[in-house]
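Tertiary structure, described
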Amino acid sequence: MTSVEKKLTLSNVDMLSLLGVNDSNLHILEDRFNSTISVRGDLVNIKGVLEEVELVEKVVKEMEYVLNTTGRLNRNDVETILNLTVAGKEVITEEEFDSIVLYTKNDIVKAKTAGQKKYFQVANKNDICFAIGPAGTGKTYLAVALAVSALKRGLVNRIVLARPAVEAGESLGFLPGDFQEKIDPYLRPLYDALDDMMPSEKLKGYLEKRIIEIVPLAYMRGRTLNNAFVILDEAQNATDTQMKMFLTRLGANSKAIITGDITQIDLPSRARSGLIQAQEILTGISGVGFVYLDRDDVVRHKLVKDIIDAYDKFHSSGK
């Protein structure tokens, strides 16, 4: 194939920020492409096969745009731009870029609604974030995406995902298999979210090495989790004692997201939901944030909103 050469002149851009410390951003492009990329002053010279040279040009221009509009360009930003461009995605607006949580093997995960954008902001700002809302609002999916993003960027060394194993109309004793096989159905939504976000072999390796753990909440007792991103899903089914136990597992350089729907509590009638109690006890503590999602944040099938409304109307009528 014939080699071509393209020269780009970049104006009004901080080249040090564009290229990264010790040209780290430039090295990301060099590792991904076969083209030769050299920089002198504000001139970028790209040499290689025509199709790839045009792709590199698009990536560099997008890097310039993002840096000038957001004032930042870190490794994760460059990788997101690179992946989106290679996948043939359209140019990202500043607002869209700021709402991107993770680039997955299939697509991008981003905050799509006003409530989800606030969720993203609260989770990034606080070490502990409570996300409370009805089914279909992306509580669990976004939490897992934030955790995977933190792991990819080297902000944490591992991810721990937990769920209470509360029987919702079924008895564990009647399910087939050993304990792990009995408990897997409760943990399946977490596996499904992870499977969407990374290649199967990589996920399998992370699970085998315990870089990613998916466990029943009861298995968290007695642990201290340092350098970890910890998620408690379906937290409305954690008792007050379990909630305190979970929150006090957090170690140095760790973050936690707790998700739940207080309209779907499966605890015995005498047991108090730790999620409801946490709202009373922890609101106002620095480093702990609460975000509330509603029907306007539902991102599943359009009928889900109508179903939520119908049930709300039924219960409010006192029937």
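Relevant structure appears above.
Structural notes, computed from the coordinates. (Residues numbered from 1 in each chain as written. Predicted model: local features only at pLDDT ≥ 70, side-chain atom pairs only at ≥ 80, totals over all residues. Heavy atoms only, no water.)

A positive phi is found at D23, a non-glycine position, where the angle reads about 60 degrees. The topology assignment puts D23 in the loop between α1 (15-19) and α2 (24-32). With a phi close to 55 degrees, N253 is a non-glycine residue in the positive phi region. Mapping N253 onto the fold places it in the loop between α10 (240-247) and β10 (255-260). (Helix = DSSP H or I, 4+ residues; strand = E, 2+ residues; numbered from the N terminus.)

With that out of the way, let us pick up the packing of aromatic side chains. In this structure the tally under the stated criterion is two aromatic pairs. With a centroid separation of 4.6 Å and 10 degrees between ring planes, the pair formed by F130 and F290 is classed as stacked. Here the residue F130 occupies a position in strand β6 (residues 128-132), and F290 occupies one in strand β11 (residues 288-292), the gap between them amounting to 160 residues. In this structure F290 comes out as buried when scored by relative accessible area, which is 15%. Through successive ring pairs, a cluster of aromatic residues spans F130, F290 and Y292. (Phe/Tyr/Trp six-rings, centres within 6.5 Å; stacked < 30°, edge-to-face > 60°. Buried < 20%, exposed > 50% of the residue type's maximum accessible area, 1.4 Å probe, protein only.)

Counted under the stated rule, the structure contains eleven salt bridges. A salt bridge links R75 to E79, with the nearest nitrogen and oxygen atoms 3.2 Å apart. On the criterion of helical spacing, the pair formed by R75 and E79 is a turn pair, its members being four residues apart in helix α4 (residues 75-86). For R163, the salt bridge identified is with D233, shortest N-O distance 2.7 Å. Pair noted here: R163 is in strand β7 (residues 158-163) and D233 is in the loop between β9 (228-232) and α10, with a separation of 70 residues, a long-range link. Judged by its relative accessible area of 11%, R163 falls in the buried class. Within this structure, R158, R210, E213 and R223 form a network of salt bridges that share partners. (Salt bridge = Lys/Arg side-chain N within 4 Å of Asp/Glu carboxyl O.)

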